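Report on the structure
One-letter residues, chain by chain:
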Amino acid sequence: MNWISNYVRPKINSLFSRREVPENLWTKCPECGTMIFHRELTDNLNVCPNCGHHMQISPRDRFRALFDGGIFTEVKVPEPIVDPLHFRDQKKYPDRLKAAQKSTGEKEAMLVAEGEMGRTPIVAAAQDFSFMGGSMGMYVGNAIIAAAERAVELGRPLVLFSAAGGARMQEGILSLMQMPRTTVAVEMVKEAGLPYIVVLTHPTTGGVTASYAMLGDVQIAEPNALICFAGPRVIEQTIREKLPEGFQRAEYLLDHGMLDRVTPRKDLKDELTAIIRLLMSQPQAVKAELPAPAEDAEAEPLDVDTTP
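For the structure given in this document, a descriptive report is provided here. Only a predicted model underlies this, so the values are computations on that prediction, with no experimental measurement involved.

**Here we look at the overall build of the protein chain**
Secondary structure summary: the protein chain contains 11 helices and 9 strands in total. Evaluated residue by residue, the protein chain yields a buried proportion of 39% over its 308 residues. Here the contacts in the protein chain between residues at least 6 apart in sequence split such that 66% fall between residues at least 24 apart. With the model as given, the accessible surface of the protein chain reaches about 18,500 Å², and the carbon-plus-sulfur share is 54%.

**Some words on the packing of helix α5 (residues 138–154) against helix α7 (residues 178–191)**
Remark: α5 packs on α7, axes separated minimally by 9 Å, with the N-to-C direction vectors making an angle of 10°. Classified by the angle their axes make, α5 and α7 are roughly parallel. Facing M138, G141, N142, I144, I145, A148, E149 and V152 of α5, the residues of α7 in contact are Q178, R181, T182, A185, M188 and V189. Among the residues forming the contact of α5 with α7, the class breakdown is 8 nonpolar, 4 polar and 2 charged.

**Thoughts on the pattern of salt bridges**
By the definition in use, this model includes 15 salt bridges. For K242, the salt bridge goes to E236, with nearest N and O atoms at 4.0 Å. Residue E271 pairs with R261 through a salt bridge whose shortest N-O separation is 2.8 Å. You can see E271 sitting in helix α11 (residues 268–279) and its partner R261 sitting in strand β9 (residues 261–262), a full 10 residues away along the chain. What makes R261 partly exposed here is its relative accessible area of 41%. By sharing partners, the salt bridges in this structure join R60, E74 and E106 into a single network.

**A word on unusual backbone geometry**
Between H202 and P203 the backbone carries a cis peptide bond, its omega angle lying at -15°. Position of P203 among the secondary structure elements: in strand β7 (residues 196–204). Positive phi, normally seen in glycine, also occurs at Q248, with a value near 70°. Tracing the chain through its elements places Q248 in the loop between α9 (232–239) and α10 (250–255). What makes Q248 buried here is its relative accessible area of 7%. Backbone geometry places S281, a non-glycine residue, at a positive phi of 55°. Residue position: S281 is located in the segment after α11.

Rules and cut-offs
- Residues numbered from 1 in each chain as written.
- Predicted model: local features only at pLDDT ≥ 70, side-chain atom pairs only at ≥ 80, totals over all residues.
- Heavy atoms only, no water.
- Helix = DSSP H or I, 4+ residues; strand = E, 2+ residues; numbered from the N terminus.
- Buried < 20%, exposed > 50% of the residue type's maximum accessible area, 1.4 Å probe, protein only.
- Contact = heavy atoms within 4.5 Å.
- Areas by Shrake-Rupley, 256 points an atom, 1.4 Å probe, with all protein chains shown as cover.
- Axes fitted to C-alpha atoms, helices over the stretch in contact; angles between N-to-C directions.
- Parallel < 35°, antiparallel > 145°, perpendicular 65-115°, else oblique.
- Nonpolar A, V, L, I, M, F, W, Y, C, P; charged D, E, K, R; others polar.
- Salt bridge = Lys/Arg side-chain N within 4 Å of Asp/Glu carboxyl O.

Take a look at the structure:
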């Protein structure tokens, strides 16, 4: 036995011919454990094709699926003072902001855009839970006010997608002040006679739930989204009782009158278009138009049995 040709050479060849497989090609569903190819997951709007679990989706990807042709224009948001309280825990607040901006590629936790959805002009705002838990700080307050002002200026309905862990602790009382500010902005839209529709996604909690997220003319939620002020574990520890199955989930809130609809992500565009056109007293959008028959076309005779 020639150990050089039979063992050493195949070993060397295997080392040089080995290909590195990227780790981000597959995503494991946290609900059912299915391994999903990333392109399949992206095409399915980050919804598990096996169990229907709705994973987080960035505002930019959501808008690409929401607006016609994926075309939208960003609305400029006034930038607040950075780190007004000079807050520091394990890291400085500006360092946390830079890390979040680097990981998400976004400036802050909310994106505001305008465009057409099902040939219906709208203004939309969406929170990014990946950006510091979608926490509500001064920028988020400014973003909602900018979205409301733009909606009133253009006479368009405002659609908001919420996803947040609550107020941003690094901004202290200034973050809590966004609750009344955003409430006034929502009232401005309603006084203009324009619809304000909220789509609650997983999770929507804390001060966001206690303000603009629950003020919609129509409240829609994605399946199994956690929607609450205080989390279920906090409530269980406080009252020392076991909570009902599915407590504070979208379906539970729908059954108890807190929501109007629970709609899968792939159906949101059509449903939002239908609701907005109904509220705006507009005819429903036609998805496809058949060509009108030619005027000189002769009707084909019907094959009717005239035997008595």
